[in-house]
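Chains, contacts and geometry: an overview
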Amino acid sequence: MTQIDIDDLHFEYSKDALILKDISISLKGAQLISIIGPNGVGKSTLIHCIDRILSPTKGTVLVDDQNVTEYRPKDLAKKIGYVPYTSGDSFPMTVVDTVLMGRNPHHKWKSLHEDMIVVEEAMRMMDVSDLAMRQFNELSAGQHQRVMLARGIAQEPEILLLDEPTANLDIRHQMDVIRLLKDLSVKKDIMVIMISHDLNLASKYSDNIIMMSKGSIYAVGTPEEVINEDNIRHVYDVESEIIIRDDRPFMIPKDPEFVSRGENKEFSVSIP
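Anyway, here's the lowdown on the structure attached to this text.

Calculation criteria
- Residues numbered from 1 in each chain as written.
- Predicted model: local features only at pLDDT ≥ 70, side-chain atom pairs only at ≥ 80, totals over all residues.
- Heavy atoms only, no water.
- Helix = DSSP H or I, 4+ residues; strand = E, 2+ residues; numbered from the N terminus.
- Rg over C-alpha atoms; globule rule 2.2 N^0.38 Å.
- Contact = heavy atoms within 4.5 Å.
- Lys, Arg positive; Asp, Glu negative; His and termini not counted.
- Charge placed at Lys NZ, Arg CZ, Asp CG, Glu CD.
- Buried < 20%, exposed > 50% of the residue type's maximum accessible area, 1.4 Å probe, protein only.
- Salt bridge = Lys/Arg side-chain N within 4 Å of Asp/Glu carboxyl O.
- Polar contact = N/O pair within 3.5 Å; in protein donor to acceptor, adjacent residues only side chain to side chain.
- Core = buried A, V, L, I, M, F, W, Y, C linked by side-chain atoms within 4.5 Å.
- Phe/Tyr/Trp six-rings, centres within 6.5 Å; stacked < 30°, edge-to-face > 60°.
- Pairing = 2+ DSSP bridges.

Digging into the overall build of the protein
Scanning the protein from N- to C-terminus turns up 10 helices and 12 strands. For the protein, whose C-alpha radius of gyration is 20 Å, the value lies close to the compact-globule estimate of 19 Å for 272 residues. Projected onto its principal axes, the C-alpha coordinates of the protein cover approximately 70 × 55 × 35 Å. By sequence separation, contacts in the protein at least 24 residues apart represent 64% of the contacts at least 6 residues apart. Each charge class in the protein was averaged separately, 30 positive and 43 negative side chains, and the resulting centres sit 3 Å apart.

Now the structure itself:
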């Protein structure tokens, strides 16, 4: 069973720029975990400390009882895959070759045929098979995102970290992607950890949620335990109403100005 153990994690860029503090948490097994919280609370920094893009100022990150600093790069890449918020890559490479890059940690002599089977499946899952011979730098933002997700899936990691995987996607593709990530966690026995700003999508599909505030973990647990009016008020400074749909909490924000003007009342529209 895959396990991440984070103990007393701190990260700072300088003495005046403390980003993470007192982060201690254990995550076990195949599941979909969402990290939520306002902008600037350290969500991306946290996953960058997990995948060793950043080195903690203090504390440790263990993956399967081994410090991430002790893994060889290729071995760590087999353990952890990472899909960034947006790709700054603008290289003139075909989509299929871009997704094939995800196979680098597994590459061995005469493995191309096996690699291509995995790549084709990942592209099919992300609905980008028809883009196979297109140049990656000619794609739209939404297509970029789906190709990068396919590359992360093709890597076949035990832990998949995603920084806002539904960014730049329309609502249908948002739901398709998160449903796919949920299925991946179950069928492929992967721990999927994603940063999300959509509390309702996170609530609908996540097994557990980590809510962050001011560089620390404010709450952790199931959607029912984390998504409530008190937590939303404290962390986001927003009043909300929580309703239950399909046994999951659904958050409706309240705009105080909107309410004070009475604009939440029923209204009618006449069409000439």
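So that's the structure; there's more coming.
Focus: the side chain of Asp 5
Checked against the element boundaries, Asp 5 lands in strand 1 (residues 3–12). The side chain of Asp 5 sits in the buried core without any salt bridge; Lys 28 is the nearest counter-charge, 6.2 Å away. Separated by 2.8 Å, the side chains of Asp 5 and Gln 3 make a polar contact. Once residues lying within four places of it in the same chain are set aside, the contact partners of Asp 5 are Ile 25, Ser 26, Thr 60, Val 61, Leu 62 and Asp 65.

Observations concerning the pattern of salt bridges
Applying the stated criterion across every chain, the model contains 14 salt bridges. A salt bridge links Asp 64 to Lys 79; its shortest N-O distance comes to 2.4 Å. In this pair, Asp 64 sits in the loop between strand 4 (58–63) and strand 5 (66–67) while Lys 79 sits in helix 2 (residues 73–79), placing the two residues 15 residues apart along the sequence. According to the relative accessible area criterion, Lys 79 is buried, its value standing at 16%. For Asp 176, the salt bridge identified is with Arg 179, shortest N-O distance 3.2 Å. Taken together, the residues Asp 176 and Arg 179, both in helix 6 (residues 171–187) and three residues apart, mark about one turn of the helix. Residue class for Arg 179 comes out partly exposed when judged on its relative accessible area of 35%.

So, the nonpolar core
One finds Val 99, Met 123, Met 126, Leu 162 and Leu 181 to be the most contacted residues of the largest nonpolar core, which totals 34 residues. Of all the secondary structure elements, the ones that give two or more residues to this core are helix 3 (95–100), helix 4 (112–125), helix 5 (141–154), strand 7 (159–163), helix 6, strand 8 (191–195) and helix 7 (199–205). A total of six residues in this core trace back to one element, the largest contributor, which is helix 5. When residues no more than four places from it in sequence are discounted, the contact partners of Leu 162 are Ile 47, Val 83, Leu 149, Leu 181, Val 192, Ile 193, Met 194 and Ile 195.

Description of the packing of aromatic side chains
Under the defined criterion, the tally for this structure stands at one aromatic pair. Aromatic pair Phe 11 and Tyr 13: ring centres 4.8 Å apart, planes at 85 degrees, arrangement edge-to-face.

Topic: the pairing of strand 12 (residues 248–254)
As defined by bridge partners, strand 11 (residues 239–245) adjoins strand 12 across seven bridges and the pair is classed as antiparallel. The partner of Ser 240 across the bridge, within strand 12, is Pro 253. From the end of strand 11 to the start of strand 12, which pair antiparallel, there are two residues, and Asp 246 there has a positive phi angle of about 55 degrees.

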